[in-house]
Amino acid sequence: IKGIRELKLRASMGTAGIRPTFDQRFETFELINGALRKNTLGNNFLSPSHSTEMEIGLDATLFRAFDLEFNYATVKTEDQILLVPITAAAGFTGQWQNAGTLEAKIYEANIHADLKKLFKIAVRDFQWGVDVTFDRVEQNITQLDVPAYNTGPGIQQSNLFLIEEGIPFGTMVGEVFATSLDQLEDMENVNVSDYTINEVGYVVRKDAIGTADELPVKVLDANGNPVVQVIGDINPDFRMGFAHTLAFKGLKLYALVDWKKGGDIYNMTKHWLYRDQRHADISTYPTVAGGFFGSNGLYNVLVPNNHFVEDGSFVMLREASISYTFGQDQMKNIFGGLIQSLKISFIGRNLLTFTDYSGFHPDITSIPRGENTLSNRVSGAIGSDLYTPYGDPNLFVVDAFNYPVSKTYSFSLQLTF
């Protein structure tokens, strides 16, 4: 085919079992202040979950300058091992069960462009290339054999994530403070004309503006109870990477840009700081009384709500480096030719971040470790916070006083003998 040097279609299918861990099969206990407390109930009938994956792909080389790769995969995990809350009458807080089916669709693409060939640059010992990667994951709970329940990685986040059949895995739910007058129309005994939007962007009573009674209005149902609804989804729309390489003779420049679009973050760090009115938001609105942010306002006694859900999109200069390699011809008269090449590199990682996220950093990977973390207040032991009745922190990610991603600079010396 003209212009196409290679075109390959491929397909594959595979299955795998995921064994329960040792502690998931037996009763577990916490040792708190010298006293044992029941944690998870054992399950003699716990069996491995079963995952089936089907993948189709395309590889192509176009005009000698472009290498393309595309993958589409579906993954179905049945008898998924979930930590399910159980009745308090059992004396335990949760039990690992084969309780659900999770289905995922995965889209992956990679493009390598040889810009030297594309622009027909006839310079010897010159390299110029760009790699672009793309991935998107859609995962949904398609079957749940137990009643829907809430979970989360810590005490205050234990009701943040909803596990329910038919919704995406990673859905956040919480109470809602009104940001539009339209949200009041279905509320009983509410005259919409008595309310307005304040400078923070929330619905308040007109006659309370500038006073201590200026409080955000919570959306209520017909019975006067706070409405609990979906407030966010931790799954990003997509992620992309852009790697650029420019080299001439021994000199090489490299840069990697990472782009994440979408994916909500619950800013529990901000939520905690609202309690004592110590967050910068309070001073940002000097004409709004501090109580607007406190216990009777957005702080909401640490109950999850829509105010603390933020867009986690970011663009990062993930890595940049400059290196120079002294080849064999340059090294042949040094150390009697013992060293064939010497490479010196200066590397910087996580150098720049562009984001609208108000926390330390939007690249949240896991909750903090240590005896003072929220999850360890539940588990009662350092390092045991991965499997608590409040959810796996590696799955249910929350910004709860996480350390920000560190910016690092390093020097590398590589010798080849």
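Definitions and cut-offs
Residues numbered from 1 in each chain as written. Predicted model: local features only at pLDDT ≥ 70, side-chain atom pairs only at ≥ 80, totals over all residues. Heavy atoms only, no water. Helix = DSSP H or I, 4+ residues; strand = E, 2+ residues; numbered from the N terminus. Buried < 20%, exposed > 50% of the residue type's maximum accessible area, 1.4 Å probe, protein only. Contact = heavy atoms within 4.5 Å. Lys, Arg positive; Asp, Glu negative; His and termini not counted. Charge placed at Lys NZ, Arg CZ, Asp CG, Glu CD. Phe/Tyr/Trp six-rings, centres within 6.5 Å; stacked < 30°, edge-to-face > 60°. Lys NZ or Arg CZ within 6 Å of the ring centre and 35° of its normal. Core = buried A, V, L, I, M, F, W, Y, C linked by side-chain atoms within 4.5 Å. Patch = residues over 30% accessible without salt bridge, like charges linked within 9 Å, V, L, I, M, F, W, Y side chains within 5 Å. Areas by Shrake-Rupley, 256 points an atom, 1.4 Å probe, with all protein chains shown as cover. Salt bridge = Lys/Arg side-chain N within 4 Å of Asp/Glu carboxyl O. Polar contact = N/O pair within 3.5 Å; in protein donor to acceptor, adjacent residues only side chain to side chain.

### With respect to the overall build of the chain
- A count of helical and extended segments in the chain gives six helices and 20 strands.
- Each of the three principal axes of the chain carries a C-alpha extent, and together these read 85 × 60 × 55 Å.
- Counting the 417 residues in the chain, one finds 40% classified as buried.
- Summarising the internal contacts of the chain: among those between residues at least 6 apart in sequence, 68% fall at separations of at least 24.
- Across the chain, the centroid of the 34 positively charged side chains sits 13 Å from that of the 48 negatively charged ones.

### With respect to the packing of aromatic side chains
- In total, this model carries 16 aromatic pairs according to the counting rule given.
- An angle of 65 degrees between the planes, with centres 4.8 Å apart, marks the rings of Y324 and F326 as edge-to-face.
- Y324 gets classed as partly exposed once you look at its relative accessible area, which sits at 31%.
- What makes F326 partly exposed here is its relative accessible area of 29%.
- Across from the ring centre of Y195, 5.3 Å away, lies the NZ or CZ of R205, which sits over that ring.

### Let's talk about the nonpolar core
- Counting residues in hydrophobic clusters, the biggest one holds 44 residues, and the most contacted among them are M172, Y266, F292 and F293.
- Residue assignment for this core shows that the elements contributing at least two residues are β5 (66–85), β6 (94–114), β7 (126–144), β9 (161–163), β12 (203–205) and α3 (268–275).
- It is α3 that contributes the most residues to this core, three residues altogether.
- Y266 has contacts with L160, M172, I231, H271, V303, P304, N305, F308, V309, V398 and D399, leaving out every residue within four places of it along the chain.

### What about a negative patch on the surface?
- Taken together, D79, D145, E164 and E165 make up a surface patch of like negative charges.
- By secondary structure assignment, the location of D79 is in strand β5.

### Here's the deal with the pattern of salt bridges
- Inspection of the entire model under this criterion finds 17 salt bridges.
- We note a salt bridge from D59 to R10, for which the minimum N-O separation is 3.0 Å. Here the residue D59 occupies a position in strand β4 (residues 49–62), and R10 occupies one in strand β1 (residues 4–18), the gap between them amounting to 49 residues.
- Taking the relative accessible area as the measure of exposure, D59 reaches 15% and is therefore buried.
- For R10, a relative accessible area of 26% corresponds to the partly exposed category.
- One salt bridge connects R239 with D258, and the closest N-O pair in it is separated by 3.0 Å. Of this pair, R239 sits in strand β14 (residues 236–248) while D258 sits in strand β15 (residues 251–262), placing them 19 residues apart in sequence.
- On the basis of relative accessibility, which here comes to 25%, the residue R239 falls in the partly exposed class.
- Using a relative accessible area of 13% as the deciding quantity, one classes D258 as buried.
- Counted as one network, the salt bridges with shared partners bring together K8, R10, E55, D59 and E69.

### Details of the environment of T142
- Tracing the sequence through the fold places T142 in strand β7.
- Spatially, the C-alpha atom of T142 lies 23 Å from that of N43, the residues being 99 residues apart in sequence.
- If sequence neighbours within four positions are ignored, T142 has contacts with T101, L102, E103 and E165.
- In terms of polar contacts, T142 uses its side chain to reach the side chain of E103, at 3.3 Å.

### Observations concerning a nonpolar patch on the surface
- Nonpolar side chains collect at one region of the surface, where L251, L253, I322, Y324, L338, F346, F411, L413, L415 and F417 lie side by side and expose about 960 Å² of accessible area between them.
- At the level of elements, β15, β18 (314–326) and β20 (408–416) are the ones that each hand at least two residues to the nonpolar patch.
- If one sorts the elements of the nonpolar patch by residue count, β20 sits on top with three residues.
- One can find L415 in strand β20.

### Details of unusual backbone geometry
- The phi angle at N33 is positive, at roughly 55 degrees, despite the residue not being glycine.
- Here N33 lies in the loop between β2 (28–32) and β3 (35–41).
- On the basis of relative accessibility, which here comes to 80%, the residue N33 falls in the exposed class.
- With a phi angle near 55 degrees, K120 is a residue other than glycine that sits in the positive phi range.
- By the secondary structure assignment, K120 is in the loop between α2 (115–118) and β7.
- What makes K120 exposed here is its relative accessible area of 74%.

### Quick word on the side chain of N300
- Relative to the assigned elements, N300 resides in the loop between α4 (280–284) and β17 (309–311).
- Taking relative accessible area as the criterion, N300 reaches 7% and is therefore assigned buried.
- Excluding residues that lie within four positions of it along the chain, N300 makes contacts with E175, F177, K218, G294, S295 and N305.

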